[in-house]
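Structural overview
In case you want the letters, here they are:
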Amino acid sequence: MSNKHKPISEKKFWLQRLSKTSLRALHILGITGAGGGILLGVDKTLWCNYWILAMSTGSLLMLWEVVRDWRWLIQLKGVLTLVKFCLLALFIPLADYKSELLIVIVLLSVVVSHGPAGLRHFSVVHGRRLDGRKEIKG
């Protein structure tokens, strides 16, 4: 068995699991704060820090997945995450539709996070389910 596929120690597993769970919790906090501000039309200065938290933790979560297994980028879970990123970019030219864009982003997030594995792991390149390396949930 190569080092690349060798099981990780229990200590390292728990460290990675707790790190990813903490990062995801901070991401959800950021999304909640920024989303509430956007949906309720609150002054941007009151939710901007939540936005920064959401964008930085989201970027770190994406980086985590790509470093873990580059195939994440061609699996539906990665592709839909990149679509969400593109929808976020539309906040600038379509500022009047931020609420609607945010709702679509949140709905896509549910599909990415809670959809069946066959959907999330579907490769848009191969046209079939493509399982990657074992994930550390979080």
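Scroll up a little and you will see the structure.
Being a predicted model, the structure only gives us computed values, none of them experimental. (Residues numbered from 1 in each chain as written. Predicted model: local features only at pLDDT ≥ 70, side-chain atom pairs only at ≥ 80, totals over all residues. Heavy atoms only, no water.)

**Observations concerning helix H1 (residues 10-40)**
With 31 residues, H1 extends 44 Å between its outermost C-alpha atoms, agreeing within 8% with the 45 Å of an ideal straight helix rising 1.5 Å per residue. Among the residues of H1, those classed as buried are Lys-20, Leu-23, Gly-30, Gly-33, Ala-34, Gly-35, Gly-37 and Ile-38. In this fold, the buried residues of H1 make contact with helix H2 (44-68) and helix H4 (98-114). (Helix = DSSP H or I, 4+ residues; strand = E, 2+ residues; numbered from the N terminus. Expected span 1.5 Å × (residues − 1). Buried < 20%, exposed > 50% of the residue type's maximum accessible area, 1.4 Å probe, protein only. Contact = heavy atoms within 4.5 Å.)

**Side note on the environment of Arg-24**
Checked against the element boundaries, Arg-24 lands in helix H1. Counting along the chain gives 22 residues from Arg-24 to Leu-46, while the straight-line C-alpha distance between them is 22 Å.

**Some points on the nonpolar core**
Note that soluble globular proteins tend to have their nonpolar side chains buried in a common cluster. If you look at the biggest cluster of nonpolar residues, it comprises 13 residues, and the most contacted ones within it are Ile-38, Leu-80, Leu-87, Phe-91 and Ile-105. Within the residue set of this core, elements represented by two or more residues are H1, helix H3 (76-89) and H4. Of the residues forming this core, the biggest block, 5 residues, is contributed by H4. (Core = buried A, V, L, I, M, F, W, Y, C linked by side-chain atoms within 4.5 Å.)

**Some words on the pattern of salt bridges**
Applying the stated criterion to the full structure yields 4 salt bridges. Note that Arg-68 and Glu-65 form a salt bridge whose closest N and O atoms lie 3.1 Å from each other. With Arg-68 and Glu-65 both in helix H2 and 3 residues apart, the pair spans about one turn of that helix. What makes Glu-65 buried here is its relative accessible area of 8%. A salt bridge links Arg-129 to Asp-131; the nearest nitrogen and oxygen atoms lie 2.9 Å apart. The class of Arg-129 is partly exposed, set by a relative accessible area of 42%. Three or more residues are tied together by salt bridges with common partners; here these are Lys-20, Glu-65 and Arg-68. (Salt bridge = Lys/Arg side-chain N within 4 Å of Asp/Glu carboxyl O.)

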